[in-house]
Amino acid sequence: MKKKLISLLLVASMVASLAACGGDKGETVDSTESGSNTATTSTYDTLVVGLQPMDGVFSPFFYTSAYDDQVNTAVFENVCELNADGELVDNAGHVEVEEVTAEDGSTKYVYTVSVQEGMTFSDGEPVTIDDLLFSYYVYADPTYDGMSTFGTLDIEGMEEYRNSAAPLWKAMVNAGEENTDFSNWTEEQQTAFFGTDLPTAGAAFAQEIVDYCVEAGYAADSNDVATAAAAWGFDGLAEDATAEDFFYLMADGYGWDLLSLSNTESAGSSLFDLLGDGYTEVVELADVDSISGIQKVDDYTCTVTFNSANISADKQVAWLPLIPEHYYGESFTKGDLSGVKAKNSAPMGSGPYVFQSYENNIVTLTANESYWKGCPKIPNLKFQVVNEQDKVDLVLNGEIDITDPSASLEIVDQLDQNTDKAAYSLVDNPGYGYIGINAERVPDVNVRKGLMCLMNREPAVQSYYGELGTVIERPMTPTLAEYPDDAEPYYSYDPAKALEYFEAAGYTQKDGKLVNADGEQLKVTCGIGDASSHPSTPILTQMANDLASMGGELVVNDLEFNVLSTQVQGGELDMWVMAWGNSTDCDLTQIFGSEGGSNYQHYYSPEIDALQAEILQTVDFDKRCELVAEELDLIMDAAVYMPVYQRKNMEIYNAATLNISTLPEETTTYYNYSKQYETLEMN
């Protein structure tokens, strides 16, 4: 019952380069490439990669799905990259760190980052360190709402920079109702905010919670505010308390952090939607227009100074794409990212390919003649949305060239019988499949624990993957060294135990239904994509049967991936089935931190936040492992994530159209064909 939330641009200079590298599908193309590449003659001139539905947000700053980011990897070039062993190595630049002693005796960590000289973006403009600095400031902006956690790093001057500007509501709250300094807002604005707008919006916000509690049977009627507040976790209101009283009680409990309050406690509307326009606009509170720890050295070098040790600092400052300031930052000012976001659907970078269009579920790219490693030998690259169940057939039929089906024994056998048509690779997936629960919509931890005990994972994983997948017990990919290999099941499949948890939450079996004290049946809605071919479908089927036998109901919605993603991000599902990928370190702040951009389960824990901060500063490996194990146990105890499987990643390649010998000599968890687009060849 609790806490519910979250044009095509063609540059003229680009066209000339595309003509030099381009050709039509199916024609013989004779292309002499620049750089280290040599002349090649191919029958096919287009590499088609099949992937699952995209959200269409092709921005390294704001992408929302791994499939969109797959397009980004072809358009943008990173300063540093991961090699086949997962180690950070030089790519379009270099990073090194020096430990120094500051004047006050403290230890600082200075990262020097440089970019290659002579590189250009696809429109011909030179790449300089200013482009990387621009990215730092976008990620650090007080209004940044993408996936990066750069703005939370302990970089010298970062806190001062972010706190020197704030949304109007926050600035006025911090100043207080008795404030007499009207440098940044007017007295009339302040009077309206505290006198009418905030009380009215707050009361409406709290009343939604009360009404939700009434509907769920936790309060008698819409005037029963005190009972509803207590059920929601806020005790102490008088019997005649109003919704406005309830709101101020919550505000006090959150130390007047109204953003966290809105994100965490909403039963429908955002507090800021109720407040109306204006209050989220950023105001400058101090003359801090730069981050002191980020300094430009020359046109190709900068330094980033950290106040404390950070196990992933080198990746945070150098495993980043080079994004052209002149294209994305033309109207960028502190507190206003609208101009940057305006380019979300028309990316431009310095990578091997140039974005052309996204139409009819197909992204079309063409080779970047000015690519610093040499113009790719394949003139055209397309990313085409395909159904999971069709991926193998599409390769065998020659319709696509590369794709990544969910590996299964049946697929392996099918490919082994068609070696003249396809080749494949299998590597450990740097992620895991999971079932998530929204703690706002399923607020009682005993209900969540009961649901966990109905998840029979082992038979489902083994029947689908066989030796290609294993059940995992903690929400972290086992490819990371910190994963606790000795982890035991936190919740075993046990319907009887599940019923005990439901009963502890106040549910009883009455007239064939599992109901609460007010007769409301336990009903849970779960979203899944491609249910007909998903490894977790049997888990949900058995859950539905078990819950039905108890008198409850599990409603399973089979959704298109983009719909599923939207509903998960918007907090519209009680439970969902998804997977994580591309995990490269043990920093789980993005997923489980209170301010994590992907905390879709909306469970917020100061204890977990503190552990995450400590983990990032713990260089000692053994100690870090202990802290990670503690963090993972806390997450499991909250019953918001059930890790299901660690699987093998499969890539299959069309042997008839793609020159297999030009693929990487070794495909690993961290390295595949996308790392060397420029050397791939078609037959």
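Residues numbered from 1 in each chain as written. Predicted model: local features only at pLDDT ≥ 70, side-chain atom pairs only at ≥ 80, totals over all residues. Heavy atoms only, no water.

(A) View of the packing of aromatic side chains. A complete count under the given rule lists 32 aromatic pairs for this structure. When the centroid spacing of 5.0 Å and the interplanar angle of 50° are considered together, the rings of Phe 193 and Tyr 279 count as tilted. Taken together, the residues Phe 193 in helix α6 (residues 187-216) and Tyr 279 in the loop between α10 (271-275) and β9 (282-284) connect sequence positions 86 residues apart. This pair shows no difference in class: Phe 193 is buried, exactly as Tyr 279 is. Aromatic pair Tyr 434 and Trp 576: ring centres 6.4 Å apart, planes at 90°, arrangement edge-to-face. Residue Tyr 434 is found in strand β17 (residues 432-437), and its partner Trp 576 is found in strand β23 (residues 575-580); the two are separated by 142 residues along the sequence. A residue is classified by how much of its surface remains accessible, and Trp 576, at 1% relative accessible area, is buried. An aromatic cluster is defined as three or more aromatic residues linked by ring pairs; in this entry it consists of Phe 61, Phe 62, Phe 76, Phe 134, Tyr 136, Tyr 139, Tyr 144, Phe 150, Tyr 327, Tyr 328 and Phe 332. The aromatic ring of Phe 62 is capped on one face by Lys 341, whose charged end is 5.1 Å from the ring centroid. Directly above the ring of Tyr 327 sits Lys 343, whose terminal nitrogen or CZ lies 4.4 Å from the centroid. (Phe/Tyr/Trp six-rings, centres within 6.5 Å; stacked < 30°, edge-to-face > 60°. Helix = DSSP H or I, 4+ residues; strand = E, 2+ residues; numbered from the N terminus. Buried < 20%, exposed > 50% of the residue type's maximum accessible area, 1.4 Å probe, protein only. Lys NZ or Arg CZ within 6 Å of the ring centre and 35° of its normal.)

(B) Region of interest: the sheet that holds strand β6 (residues 93-101). The strand order across the open sheet formed by 4 strands is β6-β7-β11-β10, and the pairing between neighbours is antiparallel. The sheet is open, and its two edges are formed by β6 and β10 (294-298), each paired on a single side. Strand-to-strand twist in this sheet, taken as the mean axis angle between neighbours without regard to direction, amounts to 25°. Pairing between β10 and strand β11 (residues 301-306): 4 bridges, direction antiparallel. Across the sheet, residue Lys 296 finds its bridge partner in β11, namely Cys 302. (Pairing = 2+ DSSP bridges. Axes fitted to C-alpha atoms, helices over the stretch in contact; angles between N-to-C directions.)

(C) Quick look at the side chain of Thr 668. Looking at the secondary structure, you find Thr 668 in the segment after β24 (641-654). Excluding its chain neighbours within four sequence positions, the residues that come into contact with Thr 668 are Ala 84 and Val 427. (Contact = heavy atoms within 4.5 Å.)

(D) Region of interest: the pattern of salt bridges. Enumeration according to the criterion identifies 15 salt bridges in this entry. Glu 81 is the salt-bridge partner of Lys 675, the closest N and O atoms lying 3.0 Å from each other. With Lys 675 in the segment after β24 and Glu 81 in strand β4 (residues 80-82), this residue pair connects regions lying 594 residues apart in the sequence. Relative accessible area serves as the criterion here: at 17%, Glu 81 is assigned to the buried category. (Salt bridge = Lys/Arg side-chain N within 4 Å of Asp/Glu carboxyl O.)

(E) Focus on helix α22 (residues 606-617). Over its 12 residues, α22 extends 17 Å from the first C-alpha to the last, a length consistent with the 16 Å expected when each residue adds 1.5 Å. Taken as a whole, α22 has its buried residues at Ile 608, Leu 611, Gln 612, Ile 615 and Leu 616. Down the axis, α22 shows its buried residues gathered within 135° of arc, on one side only. Considering only its buried residues, α22 is in contact with α21 (589-592) and α23 (621-638). (Expected span 1.5 Å × (residues − 1). Arc of directions from axis to C-beta.)

(F) Seen up close, a negative patch on the surface. On the surface, Asp 85, Glu 87, Glu 665 and Glu 666 cluster together into a patch of negative charge. Tracing the chain through its elements places Asp 85 in the loop between β4 and β5 (88-90). (Patch = residues over 30% accessible without salt bridge, like charges linked within 9 Å, V, L, I, M, F, W, Y side chains within 5 Å. Areas by Shrake-Rupley, 256 points an atom, 1.4 Å probe, with all protein chains shown as cover. Lys, Arg positive; Asp, Glu negative; His and termini not counted. Charge placed at Lys NZ, Arg CZ, Asp CG, Glu CD.)

(G) Region of the structure containing the confidence of the model for the protein chain. Of all residues in the protein chain, 94% attain a pLDDT of 70 or more, and the chain-wide mean is 89. Note that residues 1-40 has pLDDT below 50 and, in this model, 121 contacts with residues that lie over four places away or in other chains. (pLDDT = per-residue confidence, 0-100.)

(H) Highlighting the packing of α6 against helix α8 (residues 243-253). Taken N-terminus to C-terminus, the directions of α6 and α8 make an angle of 95°; their axes are 7 Å apart at the nearest point. Between α6 and α8, the crossing angle belongs to the class labelled roughly perpendicular. Packed against α6, whose contacting residues are Leu 198, Pro 199, Gly 202, Ala 203, Phe 205, Ala 206, Gln 207, Ile 209 and Val 210, the element α8 presents Ala 243, Glu 244, Phe 246, Phe 247, Tyr 248 and Met 250 at the interface. Taken together, the residues of the contact of α6 with α8 break down into 12 nonpolar, 2 polar and 1 charged. (Parallel < 35°, antiparallel > 145°, perpendicular 65-115°, else oblique. Nonpolar A, V, L, I, M, F, W, Y, C, P; charged D, E, K, R; others polar.)

(I) Molecular detail of the nonpolar core. Counting residues in hydrophobic clusters, the biggest one holds 107 residues, and the most contacted among them are Leu 47, Tyr 136, Phe 150, Val 317 and Phe 383. The biggest single contributor to this core is helix α3 (residues 129-139), with 8 residues. Filtering out sequence-adjacent residues up to four positions away, Phe 150 remains in contact with Tyr 136, Tyr 139, Ala 140, Ile 155, Met 158, Ile 294, Gln 316 and Val 317. With 55 residues, the next largest nonpolar core counts Tyr 464, Tyr 501, Met 636 and Val 644 among its residues. (Core = buried A, V, L, I, M, F, W, Y, C linked by side-chain atoms within 4.5 Å.)

(J) Structural detail: the pairing of β11. The buried fraction of β11 is high, at 6 of 6 residues. Both faces of β11 are covered, namely the face carrying Thr 301, Thr 303 and Thr 305 and the face carrying Cys 302, Val 304 and Phe 306. Here β10 folds back onto β11, and the loop between the two strands holds 2 residues.

(K) Broad picture of unusual backbone geometry. At Asn 361, a residue that is not glycine, the phi angle is positive and equals roughly 65°. Residue position: Asn 361 is located in the loop between β12 (353-359) and β13 (362-367). Of the residues examined, Asn 361 reaches a relative accessible area of 43% and is grouped as partly exposed. Phi angles above zero are rare outside glycine, and Asp 511 is one such case at about 50°. Within the secondary structure, Asp 511 sits in the loop between β19 (508-510) and β20 (513-515).

(L) Summary view of the packing of helix α16 (residues 445-452) against helix α18 (residues 495-504). Where α16 contacts α18, the two axes come as close as 8 Å, and the packing angle between them is 170°. Considering their axes alone, α16 and α18 lie roughly antiparallel with respect to each other. Two packed elements cross with a definite hand, and for α16 against α18 that hand is left-handed. Contacts between α16 and α18 involve Asn 446, Val 447, Lys 449, Gly 450 and Leu 451 from the former and Ala 498, Tyr 501, Phe 502 and Ala 504 from the latter. Each residue belonging to the contact of α16 with α18 can be placed in one class, and the counts come to 6 nonpolar, 2 polar and 1 charged. (Left-handed = near helix turned anticlockwise from the far one by under 90°.)

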